[in-house]
Amino acid sequence: MRHLLSPLDFSVEELDQMFDLANDIEANPEKYQDVCRNKKIATLFYEPSTRTRLSFEAAMINLGGQVLGFSEATSSSAAKGESVADTIKIVSCYSDICAMRHPKEGSALVAARHADVPVINAGDGGHQHPTQTLTDLLTIRSLKGKLGDFTIGLCGDLKFGRTVHSLIHALLRYDNIKFLLISPEELQVPDYIIESIEEAGAEYSVATKLEDVIDQLDLLYMTRVQRERFFNEEDYVRLKDSFMLDKKKLDQAKDDMLVLHPLPRVNEISVDVDDDPRAVYFKQAQYGVYVRMALILTLLEVEV
Ligand code: NCD
């Protein structure tokens, strides 16, 4: 039985197959509408979510399956002190596959060790968010036609942003990618990620101003400052509006640069950017459903 805990749990070849499947699902949705009849996904969300939880649920419903779960820790027995290990043993009796989001780093790994069904990490604290990465890779591959040979700017909260951590790890397996890490000094990527970049021999540089580097980028990955992971509110308030992508800055970018964002957005992308054809973050959220459908089929080993 396989789980998805880190974006590296599938090989590059396996991911390619999954993305081909996701593209086929997009083109031929009716072919897949009954393939998970009688299958159930449990969504266990101990932290807030809109896209991730609902796209998992939409994915299973699109495949003809059903969903159960909870959307806040307070409405589960976690509020009574139940451990993740015990909860997952129970959920294994009620479902065929499970997606879990939890504020503690490593919680998905604990769940996987005690589960009798495949566990998908839907975000573990400030650590990893592999299904967002699958969404990001599918978006890039579908809209740019390839993964590799580009300069990507990652901008915002690179310290606490788990989507950034997972995406960097995943992209290190592709050729000729240059990383521009754009953040205030206090929100730079953790050292262990810099070490991974250096070990992989990838090119990277650090910047503190988006306008200084935006003209070099093929992809711009914007992120929100992760308020819930700060130790004090003052630091958050000081740093929260460090970056803002607006029309003026976008004017300096390449005509075919794509702007991605895992969402939710707070202030870091001005709404007047939304109509620009380079802004693909809403399309990206749609890709999130196709790739989660492909992931469910893969982990459940459903033959189509
Ligand atoms: C991200 C997350 O939860 O880490 N959201 C998402 O799943 N699309 C990004 C964020 O919350 O800023």
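Attention here is on the structure that accompanies the text. (Residues numbered from 1 in each chain as written. Predicted model: local features only at pLDDT ≥ 70, side-chain atom pairs only at ≥ 80, totals over all residues. Heavy atoms only, no water.)

Here we take up the site of the ligand. In the neighbourhood of the ligand, the contacting residues comprise T52, R101, H129, Q132, R162, T163, R224, Q226, P262, L263 and P264. Take T52: an N or O atom from its side chain is 2.8 Å from an oxygen atom of the ligand. Within the backbone of P262, one N or O atom sits 2.9 Å away from a nitrogen atom of the ligand. A total of 320 Å² of accessible area belongs to the ligand in isolation, and the protein chains cover 94% of it. Partitioned by chemical class, the residues of the shell around the ligand number three nonpolar, five polar and three charged. (Near = heavy atom within 4 Å. Polar contact = N/O pair within 3.5 Å; in protein donor to acceptor, adjacent residues only side chain to side chain. Areas by Shrake-Rupley, 256 points an atom, 1.4 Å probe, with all protein chains shown as cover. Nonpolar A, V, L, I, M, F, W, Y, C, P; charged D, E, K, R; others polar.)

Moving on, we come to the sheet that holds strand β8 (residues 219–222). Pairing within the open sheet is parallel, and its five strands lie in the order β7-β6-β5-β8-β9. At either end of the open sheet lies a strand with only one pairing partner, and these are β7 (203–207) and β9 (258–260). For this sheet, the mean inter-axis angle between neighbouring strands, taken without regard to orientation, is 20 degrees. In the sheet, strand β5 (residues 150–155) pairs with strand β6 (residues 177–182) via six bridges, with the strands oriented parallel. When the sheet's bridge partners are listed, I152 is paired in β6 with F179. (Pairing = 2+ DSSP bridges. Helix = DSSP H or I, 4+ residues; strand = E, 2+ residues; numbered from the N terminus. Axes fitted to C-alpha atoms, helices over the stretch in contact; angles between N-to-C directions.)

Take the packing of helix α5 (residues 130–144) against helix α11 (residues 281–299) next. Between α5 and α11, the shortest axis-to-axis distance is 8 Å and the interhelical angle comes to 110 degrees. Judged by the angle between their axes, α5 and α11 are roughly perpendicular. Like other packed secondary-structure pairs, α5 and α11 cross with a definite hand, here right-handed. Here α5 contributes T131, Q132, L134, T135, D136, L138, T139, S142 and L143 to the contact with α11, which in turn contributes K283, Q284, Y287, G288, Y290, V291, R292 and L295. (Parallel < 35°, antiparallel > 145°, perpendicular 65-115°, else oblique. Left-handed = near helix turned anticlockwise from the far one by under 90°. Contact = heavy atoms within 4.5 Å.)

Next up on the list: the pairing of β5. Taking burial as the measure, the six residues of β5 include six buried ones, the bulk of the element. Here β5 shows no split at all, with F150, I152 and L154 on one side and T151, G153 and C155 on the other all buried. (Buried < 20%, exposed > 50% of the residue type's maximum accessible area, 1.4 Å probe, protein only.)

Let us now look at the sheet that holds strand β4 (residues 119–124). Reading across the sheet, the four strands line up as β2-β1-β3-β4 and stay open at both edges, with parallel pairing between neighbours. Two strands lie at the open edges of the sheet, namely β2 (66–70) and β4, each paired on one side alone. Looking at each pair of strands side by side, their axes are set apart by 15 degrees on average, direction ignored. Note that strand β3 (residues 97–102) and β4 share four bridges and pair parallel. Looking at β4, one finds that H102 is bridged to D124. On top of the sheet, helix α4 (residues 107–114) reaches β3 and β4; it is set at about 165 degrees to β4, its chief contact.

Another aspect to go through is the pattern of salt bridges. All chains considered together, the criterion is met by 18 salt bridges. Taking the shortest distance from any N to any O, the salt bridge between R238 and D235 comes out at 3.1 Å. Here R238 and its partner D235 are both found in helix α9 (residues 233–239), three residues apart, which amounts to about one turn of the helix. Across the salt bridge formed by R278 and D276, the nearest N and O atoms sit 2.9 Å from each other. Judged by its relative accessible area of 15%, D276 is buried. Ionic contacts of the salt-bridge type, sharing partners, join the residues D16, D20 and R141 into one network. (Salt bridge = Lys/Arg side-chain N within 4 Å of Asp/Glu carboxyl O.)

Here we come to the packing of aromatic side chains. Tallied over the entire structure, the rule returns five aromatic pairs. For the ring pair F230 and Y236, a centre distance of 5.8 Å and an interplane angle of 75 degrees mean the geometry is edge-to-face. Accessibility assignment for this pair places F230 and Y236 in one class, buried. Ring plane angle 75 degrees and centroid distance 6.3 Å describe the contact between Y287 and Y290, whose orientation is recorded as edge-to-face. Of this pair, Y287 and Y290 both sit in helix α11, separated by three residues, roughly a single helical turn. Look at Y287 and you get buried, because its relative accessible area is 6%. Using a relative accessible area of 16% as the deciding quantity, one classes Y290 as buried. Residue placement shows R292 over the ring face of F56; its charged tip is 5.0 Å from the ring centre. (Phe/Tyr/Trp six-rings, centres within 6.5 Å; stacked < 30°, edge-to-face > 60°. Lys NZ or Arg CZ within 6 Å of the ring centre and 35° of its normal.)

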